Each structure stands twice: as C-alpha cells, then as structure tokens.
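# Breakdown of the fold
Chain by chain, the residues run as shown.
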Amino acid sequence: MPVITTIADLKRLHKRRTPKMFYDYAESGSWTEQTFRENTSDFDQIRLRQRIAVDMTNRTTASQMIGQDVAMPVALAPVGLTGMQCADGEIKAARAAEKFGVPFTLSTMSICSIEDVAEHTTKPFWFQVYTLKDDDFMQRLFDRARDAGCSAMVITLDLQIMGQRHKDLKNGLSAPPKFTLASMADLATKWPWGIEMLQTKRRFFGNIVGHAKGVSDPSSLASWTAEAFDHALDWDRVAQLMKMWGGPVILKGILDADDARKAAELGADAIIVSNHGGRQLDGALSSIRALPAILDAVGDKVEVHLDSGIRSGQDVLKALAMGAKGTYIGRAFVNGLGAMGEKGVTTALEVIHKELDTTMALCGRRDVKTLDRDILLVPEDFEGRWCS
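Attention here is on the structure that accompanies the text. Note that the structure is predicted; figures quoted are calculated from it, not measured.

### A short note on the overall build of the protein
- A tally of regular secondary structure across the protein gives 16 helices and 12 strands.
- Here the C-alpha atoms of the protein give a radius of gyration of 20 Å, agreeing with the 21 Å that 2.2 N^0.38 yields for 388 residues.
- Overall size of the protein, expressed as C-alpha extent along the three principal axes, is 60 × 50 × 45 Å.
- Looking at the 388 residues of the protein, the share that counts as buried comes to 57%.
- For the protein, restricting intrachain contacts to residue pairs at least 6 apart in sequence, the fraction spanning at least 24 positions comes to 74%.
- About 16800 Å² of surface is accessible on the protein, with carbon and sulfur atoms providing 53% of the total.
- Positive and negative charge centroids in the protein, built from 47 and 50 side chains respectively, lie 5 Å apart.

### Here we look at the sheet that holds strand β8 (residues 249-254)
- Strand order across the open sheet formed by eight strands is β4-β11-β10-β9-β8-β7-β6-β5, with parallel pairing between neighbours. What marks the edges here is a single partner per strand, and that holds for β4 (74-76) and β5 (105-106).
- In this sheet, β8 lies alongside strand β7 (residues 152-156) in parallel orientation, the contact comprising four bridges. Bridge pairing in β8 places I155 opposite L251.

### A word on the nonpolar core
- By size, the foremost hydrophobic cluster in this structure holds 111 residues, and its most contacted members are L76 and L251.
- Per-element accounting of this core gives the leading share, 13 residues, to helix α16 (residues 331-362).
- Core analysis: the second largest hydrophobic core is formed by 11 residues, M65, A75, I272 and Y328 among them.

### Focus on the packing of aromatic side chains
- Summed over all chains, the structure comprises six aromatic pairs.
- On the numbers, 6.1 Å between centres and 50 degrees between planes, the contact of F142 with W245 is tilted. Here the residue F142 occupies a position in helix α7 (residues 135-147), and W245 occupies one in helix α12 (residues 235-245), the gap between them amounting to 103 residues.
- For F142, a relative accessible area of 0% translates into the label buried.
- Its relative accessible area of 5% is what places W245 among the buried residues.

### Considering the pairing of β7
- Taken across its five residues, β7 has five buried, putting it largely inside the fold.
- Burial of β7 is two-sided: the residues A152, V154 and T156 facing one way and the residues M153 and I155 facing the other way are all buried.
- As paired strands, strand β6 (residues 126-130) and β7 are joined by five bridges and run parallel to one another. If you follow Q128 over to β7, its bridge partner there is V154.
- At this point the chain moves from β6, through α7, to the parallel β7, and the crossover so formed is right-handed.

### Quick look at the packing of helix α1 (residues 7-17) against α16
- Between α1 and α16, the shortest axis-to-axis distance is 9 Å and the interhelical angle comes to 175 degrees. What the angle tells us is that α1 and α16 run roughly antiparallel. On the side of α1, the interface is formed by I7, L10, K11, L13, H14 and R17, while α16 contributes A332, V334, N335, G336, G338, A339, M340, G344, T347, A348, V351 and I352.

### A few points about the layout of surface pockets
- In this model, the largest pocket occupies a volume close to 1200 Å³.
- Lining the largest pocket are 47 residues, with Y25, M162, R165, D168 and R279 sitting closest to its centre.
- Looking at the lining of the largest pocket, the elements that each hand over two or more residues are α2 (20-26), β6, α8 (166-171), α11 (221-228), β11 (326-329) and α16.
- When its residues are assigned to classes, the lining of the largest pocket shows 24 nonpolar, 15 polar and eight charged.

### Observations regarding the pattern of salt bridges
- Evaluated as defined, the whole model comprises 25 salt bridges.
- With a shortest N-O distance of 3.7 Å, D374 and R365 are connected by a salt bridge.
- By relative accessible area, which is 41% here, D374 ends up partly exposed.
- The structure contains a network of salt bridges with shared partners spanning R49, R365, D372 and D374.

Conventions and cut-offs
- Residues numbered from 1 in each chain as written.
- Predicted model: local features only at pLDDT ≥ 70, side-chain atom pairs only at ≥ 80, totals over all residues.
- Heavy atoms only, no water.
- Helix = DSSP H or I, 4+ residues; strand = E, 2+ residues; numbered from the N terminus.
- Rg over C-alpha atoms; globule rule 2.2 N^0.38 Å.
- Buried < 20%, exposed > 50% of the residue type's maximum accessible area, 1.4 Å probe, protein only.
- Contact = heavy atoms within 4.5 Å.
- Areas by Shrake-Rupley, 256 points an atom, 1.4 Å probe, with all protein chains shown as cover.
- Lys, Arg positive; Asp, Glu negative; His and termini not counted.
- Charge placed at Lys NZ, Arg CZ, Asp CG, Glu CD.
- Pairing = 2+ DSSP bridges.
- Core = buried A, V, L, I, M, F, W, Y, C linked by side-chain atoms within 4.5 Å.
- Phe/Tyr/Trp six-rings, centres within 6.5 Å; stacked < 30°, edge-to-face > 60°.
- Right-handed = clockwise from strand over helix to strand, strands pointing away.
- Axes fitted to C-alpha atoms, helices over the stretch in contact; angles between N-to-C directions.
- Parallel < 35°, antiparallel > 145°, perpendicular 65-115°, else oblique.
- 1 Å grid on protein atoms, 1.4 Å probe; cavity = no way out; pocket = protein on both sides within 12 Å on 5 of 7 lines; lining within 4 Å.
- Points joined across faces, edges and corners; volume = space filled by probe spheres on them.
- Nonpolar A, V, L, I, M, F, W, Y, C, P; charged D, E, K, R; others polar.
- Salt bridge = Lys/Arg side-chain N within 4 Å of Asp/Glu carboxyl O.

The following block contains the structure:
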C-alpha cells in the first residue's frame, strides 16, 4: 500500500484504477476549464501568518453546520455518478462520512438510491435535488428523503441548463453511456473495477429509474433528462420547492451578492458559494474569490458555506478564516473513493483533517471556530476591481 500524504496521491491512484470516462467526469470543467482551474489556483494566492510561542495544546476542529455537530466543518458534497467511480460508491462514501463525523450529501443523480444509502447507514444524511419541472416527481423525491430520515435538503440552483463539458462528450459519457472502441479498450484495462461492478446490482440512477414517469430502464433516461430541468426557474419556484420540503434547506450555487440576499430573504438555513466545481459557467469567479462580497452582502442573516476548489485542509482553513461557516469537498473525496473505496474516503478525510489541525496550530489557533482573517495575508486586489 503506498504512503498517502495528500489528496494528490489519491488522485493518482484514482486515475490508475477507474475507467477514463468516469475519472474525466470527476476531474474536468466546462468549456476552457478556466473557472475549474482558478477554483484551486486562487486558494494559492492567499498566504498564512505563522505565529509562535502560542499554547497549541487541546486543539479542536469540532464545529457545527446548520446546527449539526461536525468533527470538522467539512461536508461531502453531492456528486453525481459516484457509484460509477467505485461499486456502491455512495454507500461507501456515506459510511465513511458517518464514521468520521461529517455530513454526507447524496446527489439526485446518484447510482445508489436514497433508500440504499439509508439502509446502510445509521445517522441522517443530507439530500440534494435539482430544480425539476415535474411537481409530482419532486414531491415524491422529498417524501422519500423524509422517509429515509434525511435531515437537510440541498437545492442546486445553477443547473437549469447544463454547461458543456468537452471531455464527457468526447468520452461518450451520457445516460446511458455511449461506449466507443477507445472507451471499451480502456475498460478492459480496469479489470478490478469491472469485477466489483459485476458484483453489485447498483449500476443505474437509483433515484430516477423506476421512479420518474416514463423512465423504467436506463435507455429511457436520456429523453427524461433532456426535458426534466426547469428552464423557467425563478425565486418564486425556489420558495415553492422549499415549502414542498418543509425542513432545513441549503441553497447551492450562489456566486453573486444579489442572489445571496434573495436566498437569505427566502429563509434558507444556509447558502453554498459555489460555481458547480467549474462545471457550469466557465469564466465565472472562483468560489473563494466570490466569498467576501457575499459575506458582506448577507452578514449574519444566513449561514454561508463554500464549495468548489478545496483540495486540502489548508484550503478549508483559508475558507473558514475568510468567513465561511462550513466547506464541502467533492473531487477530494471522489479521488479517495476511486482509489480505495470506503477506506479511500476515510483517508481523504484524515488527510484534510490533519492538514487543517496542523496548519491551525502553526497559525496560533486552538479552536477552528476562532479562525478569522487575522491569520491570513490576502492580496490587496484579491476581490478584484471589475468594470460592468
């Protein structure tokens, strides 16, 4: 077993083990991938203040996200097709998150269903939905999540229209996948992955197939997907969906101060500053660069979380010190899952926790809840001076 010290180590193993079309699905952005790249490179611009002769004993990374106790303010983000990175991937990731003490968010476009994950875990998890047109399907989805004990609903607002992801098109990744000679040849080299997939019954979208009208098998999924997303989404519709759920709500995909204010006015429990991991509007600001203006806009009216670009515990620390109350990892835990299954997700969380804890100590802080901009060195023009 190789020594794993960073998320990059897991990423290399993930690439070696997982078929190219599914690895590329996780490790790509839309169009030129500018935003995808800047999500991570913008974190690198922020420097840390080293402090010495400070008592570093009795440190804690424990905190809360929307009132829920967490071992560290890091949640597993909703990622579609997680069950194709590794057989039963959503179940394995949820179990790892539960054992570690951080929230797991199940995507609507998961391979394992809500019921599958609930059956194999013992604590409530979060569920993510897209803004779809079919009220009957949405209500049944909310009801299923409620019956499964989901404690919060994450509503994704930035995917009315899907951004073009060149790698997915070239790899034939669709619903269901369109295999090419190249992808078939690649699959033949990933035989450990293939053996695991043959041993599971979960290979299709468990929350959709058999639940959405007209989707009785994978072949009928493509036409449903093309028609399902609500291009007419507005804030009234968001309010309607929140009412249909009736429980704690996190609104995901906020990248603009005006939108953050509207989300706060609707009574969301939290908002997630996110550009969908650079997979939607290419050329948009990175999440960490957009964060300060959003925090200025909403103050303490709503809990602000950050998603997109986090690859280390230092990134988590920087986001928290900038003012976020919680963070999300997507690709980082998927790298672990693709590399080593449930153990890999646990390893990813351990890596991030150790980096967060050690960096916090070297910055002279013992409690993650006390992190603030005083430990950061932020470039003067980091928030940008833009003409409109």
